[in-house]
Amino acid sequence: MNPRRKSRLYLAVAVLVGLGLTAALVLYALRSNIDLFYTPSEILQGKGENHEKPEVGDHLRIGGMVMPGSVRRDDTSLQVSFKVYDARGAIAVTYTGILPDLFREGQGVVAQGVLGPDNVVNAKQVLAKHDEKYVPPEVADAMKENHHGPAAKYVANEGSKS
C-alpha cells in the first residue's frame, strides 16, 4: 500500500473513532439530565406498550393532583410530604423548601426530582398550576386519560387549545 494512502486511512479511522467517542460521551452526559414525565399510574403500572417503569434513582417529572388530606409539614424544617394522584394510583412526594403560593390540596402540580425506594419521589422543584389558559400537551393528555372531575373537564374542553 502506498504510504500516502496508508496515512490517509489512519487519519480517516482516527476521525471516525473520535466522532464516535464524542457522540457516546454526549449521549451519556445527556442521559443523566433528561427528566421524563410520568403520571402516578405510569410509575406504578408502567408506561407505553412495554409497560416500562422508572427505576430507583431515575430523574423524572410527576404530574397529577395533590391528594386532599395528604399534605404533611414538618414543624422544625421546610420539609413537606404529600401525595400526587390520578384515577389509577397515588405516589408520595417529599420536598424541602418553600412551596409555590398556589400549591394546595386538590390542585394540579408537577414535581421534578428523583425516584427513591418504595416509589417515593424526592422532589427538587414543585410547580403549581398557575394559569388555566395553557396546559402542556403531555399534561393535558395525561389528565384526560386519568382524571375525572372539574380539572379533567376543563382540560378536555379548553386546556388542549393552544
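Counting restarts for each chain: residues are numbered from 1 in the order of the written sequence. With the structure being a predicted model, the display of local features is reserved for residues of pLDDT at least 70 and the display and counting of side-chain atom pairs for 80 or more, all residues being used for whole-chain, interface and lining totals. With hydrogens and water stripped out, all remaining heavy atoms of the structure feed into the side-chain values.

Asks: Sorry, what's going on with the environment of Ser 81 here?
Replies: Numbered from the N terminus, helices here are DSSP runs of H or I no shorter than four residues, and strands are runs of E no shorter than two. Mapped onto the fold, Ser 81 is located in strand β4 (residues 79-86). Three exposure classes are used, based on accessible area relative to the maximum for each residue type with a 1.4 Å probe and protein chains only: buried under 20%, partly exposed in between, and exposed over 50%. Here Ser 81 falls in the partly exposed class, since its relative accessible area comes to 26%. Apart from residues lying up to four places away in sequence, Ser 81 is in contact with Ser 70, Val 71, Arg 72, Val 93 and Thr 94. Whether two residues are in contact is decided by their heavy atoms, any of which lying within 4.5 Å being enough.

Asks: Is there a simple way to think about the packing of aromatic side chains in this case?
Replies: Aromatic ring pairs are described here by two measures, namely the spacing of the ring centres and the angle between the planes. A pair of aromatic rings is counted whenever rings of Phe, Tyr or Trp (Trp by its six-membered ring) have centres within 6.5 Å, and the orientation is called stacked for planes under 30 degrees apart, edge-to-face for over 60 and tilted otherwise. In this structure the tally under the stated criterion is 1 aromatic pair. Taking 4.9 Å as the distance between ring centres and 65° as the angle between the ring planes, the aromatic pair formed by Phe 82 and Phe 103 counts as edge-to-face. Of this pair, Phe 82 sits in strand β4 while Phe 103 sits in the loop between β5 (89-96) and β6 (108-115), placing them 21 residues apart in sequence. Accessibility classification places Phe 82 together with Phe 103 in one group, the buried group. Directly above the ring of Tyr 38 sits Lys 47, whose terminal nitrogen or CZ lies 4.6 Å from the centroid. Two conditions define a charge located above a ring, namely a distance within 6 Å from the ring centre to NZ of Lys or CZ of Arg, and an angle within 35 degrees of the ring normal.

Asks: Would you mind showing me how to read the nonpolar core here?
Replies: Taken as a class, soluble globular proteins show a tendency for nonpolar side chains to be buried jointly. As used here, the term nonpolar core means buried Ala, Val, Leu, Ile, Met, Phe, Trp, Tyr and Cys residues forming a set that is joined through side-chain atoms within 4.5 Å. By size, the foremost hydrophobic cluster in this structure holds 21 residues, and its most contacted members are Ile 62, Phe 82, Val 93, Phe 103 and Val 126. Contributing elements (two or more residues each) for this core: β2 (59-66), β4, β5, β6 and β7 (120-128). In terms of residue count, β7 provides more of this core than any other element does, 4 residues in total. With near-sequence residues (within four places) excluded, Phe 82 lies in contact with Val 66, Ser 70, Val 71, Ile 91, Ala 92, Val 93, Phe 103, Val 109 and Val 126.

Asks: What's the story with a nonpolar patch on the surface in this structure? I'm lost.
Replies: Within the patch definition used here, like charges are joined within 9 Å and nonpolar side chains (Val, Leu, Ile, Met, Phe, Trp, Tyr) within 5 Å, considering only residues with over 30% relative accessible area and no salt bridge. Note on areas: Shrake-Rupley, 1.4 Å probe, and residue coverage restricted to the protein chains presented here. Salt-bridge detection follows one rule: a side-chain nitrogen of Lys or Arg within 4 Å of a carboxyl oxygen of Asp or Glu. Where nonpolar side chains cluster on the molecular surface, the patch consists of Met 1, Leu 9, Val 13 and Val 17 and spans about 420 Å² of accessible area. As for its position among the elements, Val 17 is in helix α1 (residues 3-31).

Asks: Just to check I follow, could you spell out α1 for this structure?
Replies: For an α-helix the count is 3.6 residues per turn, leaving residues at separations of three or four pointing the same way. The length a helix should cover is 1.5 Å for every residue beyond the first. Taking 1.5 Å of rise per residue, 29 residues should cover 42 Å, and α1 covers 42 Å from first to last C-alpha, within 8% of that figure. Pairing of N or O atoms within 3.5 Å defines a polar contact, subject to two protein rules: one partner must be a possible hydrogen donor and the other a possible acceptor, and residues neighboring in sequence count only if both atoms are side-chain atoms. One side-chain oxygen at the N-terminal end of α1 lies 3.0 Å from the backbone nitrogen of Arg 4; it belongs to Asn 2.

Asks: Can you walk me through the side chain of Thr 39 in this structure?
Replies: With respect to the element layout, Thr 39 can be found in the loop between β1 (36-38) and α2 (40-45). By relative accessible area, which is 2% here, Thr 39 ends up buried. A distance of 3.5 Å separates polar atoms of two side chains, one belonging to Thr 39 and the other to Asp 86.

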